[in-house]
Every structure is written in structure tokens, then in C-alpha cells.
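Inside the fold
Given next are the chains, with one letter for each unit.
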Amino acid sequence: MAKQSCLSWNKFDLVWALNLFGTAVGAGVLFLPINAGKGGFWPLVLMAMLVGPMTYLAHRGLARFVLSSAKPGSDITEVVEEHFGQTAGKLITLLYFFAIFPILLIYGNGITNTVDSFIVHQLHLPSPNRVLLSFVLIAGLISVMLMNEKIMLKITEFLVYPLVFILLALSLYLIPEWNTSMLNEWPSTEALLTTLWITIPVLVFSFNHSPAISSFAQSQQREYADPTQTEKHTKRTLKMTSSILLVFVMFFVFSCVLSLTPAELAQAKTQNISILSFLANKFDNPYISYFGPLVAFLAITSSFFGHYLGAKEGLEGLITKLSGKKTVKCKKHHYFTALFFLLTLWIIAIINPSILGLIESFGGPIIATILFIMPMYAIRKIPAMQRYQGRVSNLFVTAMGIFAISAVVYGLF
């Protein structure tokens, strides 16, 4: 790929912004209005004010960490070992892999369930053979990841555009149904802080695109000749990603929340159905229910690609560290990791277990630690990152990281 030398915004940056957007927006976006809005309108406003800076600054810190390597082109597993030593490198790589891998399992299982449900309920056809359906879907997703980066980004771009359009269209469609019942309920200070504490992680992880950050940072290094340009384009792209997430996802969340009463949100939570299913039932509009599987399919597929990048890096990093070799970045190992993911995801999709969400929850604190705490610790301890010391944003990211991790751990127990 030809190296760029200008600092102007370009298609390469836009495509990566969309790819990171797609990584963040999984099928959970269909449950996000219920989970984030159940505390009321005003806590949601405060959360929206916090989650934009949190998302941008935390992911910028992780990208800076990857770019801080003395060896350009190093992935996050190599940078961790370079800065913290072999033992810490092995431990963090192991945790990194096992934090992302369960999410990949959930997406392999989720896309099978989504397509099966669409065939049965929307197309009114008999349920296809699950073994065959799951293999075709998972093999198709993984085959995209075996293509070169340019093709993968192009396919992701193709998926994310309709996802953004549908979220915007649904948000606008609901405007005539907005009501002010949410605006009249102002919680006490204690209730407000408790709601913020418990709900912030929901938004943080809904906006999380850390699994793709290492591949993104490496791609930026390959694209731009000068380290200064690389950092500027990296910051600009991450800022664009956070802005797109904030505008389109939060507009969707607010539009859904303002269309329902607090009692209806609680009812949707009890029924454990997506927000589009609940809205379709409330307004007796079958067209809204058709968008549910489509949004879920687009969101799962685009998010799968970003999480695959992180899981692949983690697995290849583990193989490198356990084998004692310097690198495993060859086609043989790429095909091995692809086969490993194909078989494990296929088996889980066939079994269709109910404990995957619980497993994913245990990975939450690890992801939050790697995203929020590790880069801030590196700024304090690593000479290559000391130029970022003394900034208020570092304290903000650290505080919000501790805030999010404590709430996730509290939620587990």
C-alpha cells in the first residue's frame, strides 16, 4: 500500500473509522436503549456527555501504546512484552485473548440464531439444518478475514453504511412518538450517582472497539511514512469513530427511550426482547420488526471482523511466546488460527449454549483494564510514552476506568 504524506482527511481514514464503528456496534445495540435508558432520561444525558470523551481518550491511549514500540509494525502482544517483560507479556497476552475470544464465540452463535430466526419467522420457511447453516455462515465470515486488508475494509464499509442508515432512519421515524414522561422524573443525587455507576459500563462496552485498535495502529503505520503523521491521522480517525458512535448510536438510544415510558422500558427488560421487537409490538408495525434481524445481522457481521482481528493477534501472540520464536506472522499460522476459530465457533454454534453471556461478562474487567488502565500505567512508567505525562485527560481516563471496572465487578457478584 502506498504511503501517504499529507495530513488531510482521506478515504483510508474514513474506511477505518467505519471499521472501528462496526467493531463497536454489535447486536447489543438492539438492547442498549433498554439497558441504558432504564435509569431515566437525565442520567442518560449525563452518560452521553461522559461516554464520548471516555471512548475517544481511552482508545487513543491504547493506540498510542501500540505505536510506542521501538519496532514499527509490532502488534499489542509484542509491545506488551517489549515494555513489561516476557512474564507480564505472556500473562497480558493470555488475558487479552480470553477476554476477546468469548465475544467471538457469541457472535458465531448469534449470527446463526439471527439468520435461523429470520428464515422461520419472517420468511415463514422451515428451520434449516443448524450444522450446515452455522458452518456456511462462520466459514463465510472467516474467509473474509483471510483476504487482504483492503478487501476486508471494503466489505466492512459495505456493511456499516446500511447499518448507520437504518439506525438513523429508525431514530427519525420514532420522533413523532416522543413523549415527555421521562423528562419529568429527576432522580435524587444518590440515585443519579448509583445509576451512573451501574450503567456507564453498559455504554462503555457498547462503544468498545479495542479489539481492532492494534491492527488499526499497525495499518496506520504502514499507510503513513512519518510517525508524527501516523499519530495525527490515528487521533483524527479515533475522534471520527467516537463522534459517529455518539451521534448515531446515542440518537437511536434517546429516540427509543423518548418513545417509551419508564414502565414500558421496565416491561421490555422483563420480557428480554430487543427494543425493535418491543416497539413493533407497541405500535403494531410489522416493518419495524423486519429491521431487527437486519440490524442484528449487519451489526454482528461488522463487529465479528474487528473482534476476529483482536482474537487472532492474541492467539498468534500466545503461540509466539509459548514456542519461543520471534514471530509467527506467516500464512501457515494465519491459516492455523483461521481453522482453530472455524472449528471452535462452529462447535459452539451447533451446541447453542446459554452460558456465553456469563463468560463474556467475566472478560469485561480484563478488557476495561487493558483499554483504560494499562496505557495510563505505561505513560507513567515507559520512557517512550512519558511525553504524554501531566495531562488532565490521563486522570479522567484512569478515574473512568476504575469507575467502569468496579461497576462490572459489582455486577458479576
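An unreviewed UniProt entry lists the chain under the name HAAAP family serine/threonine permease, from Bisgaard Taxon 45. The annotation that UniProt attaches to the chain under Catalytic activity (unreviewed entry) is "L-serine(in) + H(+)(in) = L-serine(out) + H(+)(out)". Quoted straight from UniProt, the Subcellular location (unreviewed entry) entry for the chain says "Cell inner membrane".

1. Considerations on the overall build of the chain
Per the secondary structure count, the chain includes 16 helices and 0 strands. For 413 residues, the compact-globule formula gives about 22 Å, and the C-alpha radius of gyration of the chain, at 21 Å, lands near that figure. Dimensions of the chain along its principal axes, counting C-alpha atoms only, are 60 × 55 × 45 Å. Each of the 413 residues in the chain was classed as buried or not, and the buried ones make up 53%. Long-range contacts, defined here as pairs at least 24 residues apart, represent 83% of the contacts in the chain between residues at least 6 apart. Of the roughly 18100 Å² of accessible surface on the chain, a fraction of 68% belongs to carbon and sulfur atoms. Across the chain, the mean location of the 28 positive side-chain charges is 10 Å away from that of the 19 negative side-chain charges.

2. Observations concerning the layout of surface pockets
What the second largest pocket holds in volume is close to 570 Å³. When residues of the lining of the second largest pocket are traced back to their parent elements, those giving at least two are helix 7 (149–173), helix 9 (213–223), helix 13 (286–323) and helix 14 (331–351). No other element matches the 5 residues that helix 13 contributes to the lining of the second largest pocket. Residues that form the lining of the second largest pocket fall into these classes: 8 nonpolar, 4 polar and 8 charged.

3. Here we look at helix 5 (residues 86–122)
A rise of 1.5 Å per residue sets the reference length of helix 5, with its 37 residues, at 54 Å; its end C-alpha atoms lie 53 Å apart and thus fit the reference within 8%. Count one or two residues on from helix 5 and you reach His124, which has phi positive near 55°.

4. Re empty space enclosed by the protein
What the rule picks out here adds up to 3 cavities of 30 Å³ or more. Considered as a void within the structure, the second largest cavity measures approximately 50 Å³ in volume. For the lining of the second largest cavity, the secondary-structure elements that each account for two or more residues are helix 3 (41–67), helix 15 (356–381) and helix 16 (392–412). Residue contributions to the lining of the second largest cavity peak at 4 residues, all from helix 3. A per-class count over the lining of the second largest cavity returns 4 nonpolar, 3 polar and 2 charged.

5. A word on the pattern of salt bridges
Per the counting criterion, the structure on display carries 8 salt bridges. With its nearest N and O atoms 3.6 Å apart, the salt bridge here joins Glu157 to Lys11. On the criterion of sequence distance, the pair formed by Glu157 in helix 7 and Lys11 in helix 1 (residues 11–24) is long-range, its members being 146 residues apart. Of the residues examined, Lys11 reaches a relative accessible area of 44% and is grouped as partly exposed. Between Glu231 and Arg64 there is a salt bridge, with its nearest N and O atoms 3.4 Å apart.

6. Observations concerning the packing of helix 5 against helix 6 (residues 130–145)
At a closest axis distance of 9 Å, the pairing of helix 5 and helix 6 adopts a crossing angle of 120°. In terms of orientation, helix 5 lies oblique with respect to helix 6. Taken as a pair, helix 5 and helix 6 cross one another with a handedness that is right-handed. Note on element contacts: helix 6 touches helix 5 through Arg130, Leu133, Ser134, Leu137, Ile138 and Leu141, opposite Gly108, Asn109, Ile111, Thr112, Asn113, Val115 and Asp116.

7. Observations concerning the confidence of the model for the chain
When the pLDDT values of the chain are averaged, the result is 89; 96% of them are 70 or greater. Least confident of the elements in the chain is helix 11 (residues 262–271), whose mean pLDDT is 84; most confident is helix 6, at 96. For the stretch residues 1–5, pLDDT sits under 50, and the model shows 16 contacts to residues farther than four places along the chain or on other chains.

8. Some details on the packing of aromatic side chains
Here the structure, examined in full by the defined rule, presents 17 aromatic pairs. Residues Phe12 and Tyr224 carry aromatic rings whose centres are separated by 6.0 Å and whose planes lie at 80° to one another, so their mutual orientation is edge-to-face. Separated by 212 residues along the polypeptide, Phe12 in helix 1 and Tyr224 in the loop between helix 9 and helix 10 (227–258) bring together distant segments of the chain. Each member of the pair, Phe12 together with Tyr224, is buried. Feature note: the residues Phe97, Phe98, Phe101, Phe304, Phe305, Tyr308, Phe340 and Phe341 constitute an aromatic cluster, connected by ring pairs.

9. Points about a nonpolar patch on the surface
A cluster of nonpolar side chains, Val131, Leu339, Leu343, Ile347, Ile350 and Ile351, forms an exposed patch at the surface whose accessible area comes to about 510 Å². It is helix 14 that provides the largest number of residues to the nonpolar patch, a total of 5 residues. Within the element layout of this structure, Ile347 appears in helix 14.

10. Here we look at the nonpolar core
If you look at the biggest cluster of nonpolar residues, it comprises 123 residues, and the most contacted ones within it are Phe21, Ile76, Val249, Leu276, Phe304, Phe341 and Phe372. Here Phe304 is in contact with Leu104, Tyr107, Leu141, Ile142 and Leu345, once residues within four sequence places are set aside.

11. Structural notes on the side chain of Thr234
Mapped onto the fold, Thr234 is located in helix 10. Since its relative accessible area comes to 3%, Thr234 is described here as buried. Non-local contacts of Thr234, meaning those with residues more than four positions away in its chain, are made with Ala63, Leu67, Phe216 and Gln220.

12. Re unusual backbone geometry
One non-glycine residue, His124, lies in positive phi territory at about 55°. Within the secondary structure layout, His124 lies in the loop between helix 5 and helix 6. What makes His124 exposed here is its relative accessible area of 62%. Of note, Asn352 is a non-glycine position whose phi angle comes to about 55°, a positive value.

Basis of the calculations
Residues numbered from 1 in each chain as written. Predicted model: local features only at pLDDT ≥ 70, side-chain atom pairs only at ≥ 80, totals over all residues. Heavy atoms only, no water. UniProt positions renumbered as here; feature names shortened; annotations may be inferred. Helix = DSSP H or I, 4+ residues; strand = E, 2+ residues; numbered from the N terminus. Rg over C-alpha atoms; globule rule 2.2 N^0.38 Å. Buried < 20%, exposed > 50% of the residue type's maximum accessible area, 1.4 Å probe, protein only. Contact = heavy atoms within 4.5 Å. Areas by Shrake-Rupley, 256 points an atom, 1.4 Å probe, with all protein chains shown as cover. Lys, Arg positive; Asp, Glu negative; His and termini not counted. Charge placed at Lys NZ, Arg CZ, Asp CG, Glu CD. 1 Å grid on protein atoms, 1.4 Å probe; cavity = no way out; pocket = protein on both sides within 12 Å on 5 of 7 lines; lining within 4 Å. Points joined across faces, edges and corners; volume = space filled by probe spheres on them. Nonpolar A, V, L, I, M, F, W, Y, C, P; charged D, E, K, R; others polar. Expected span 1.5 Å × (residues − 1). Salt bridge = Lys/Arg side-chain N within 4 Å of Asp/Glu carboxyl O. Axes fitted to C-alpha atoms, helices over the stretch in contact; angles between N-to-C directions. Parallel < 35°, antiparallel > 145°, perpendicular 65-115°, else oblique. Left-handed = near helix turned anticlockwise from the far one by under 90°. pLDDT = per-residue confidence, 0-100. Phe/Tyr/Trp six-rings, centres within 6.5 Å; stacked < 30°, edge-to-face > 60°. Patch = residues over 30% accessible without salt bridge, like charges linked within 9 Å, V, L, I, M, F, W, Y side chains within 5 Å. Core = buried A, V, L, I, M, F, W, Y, C linked by side-chain atoms within 4.5 Å.

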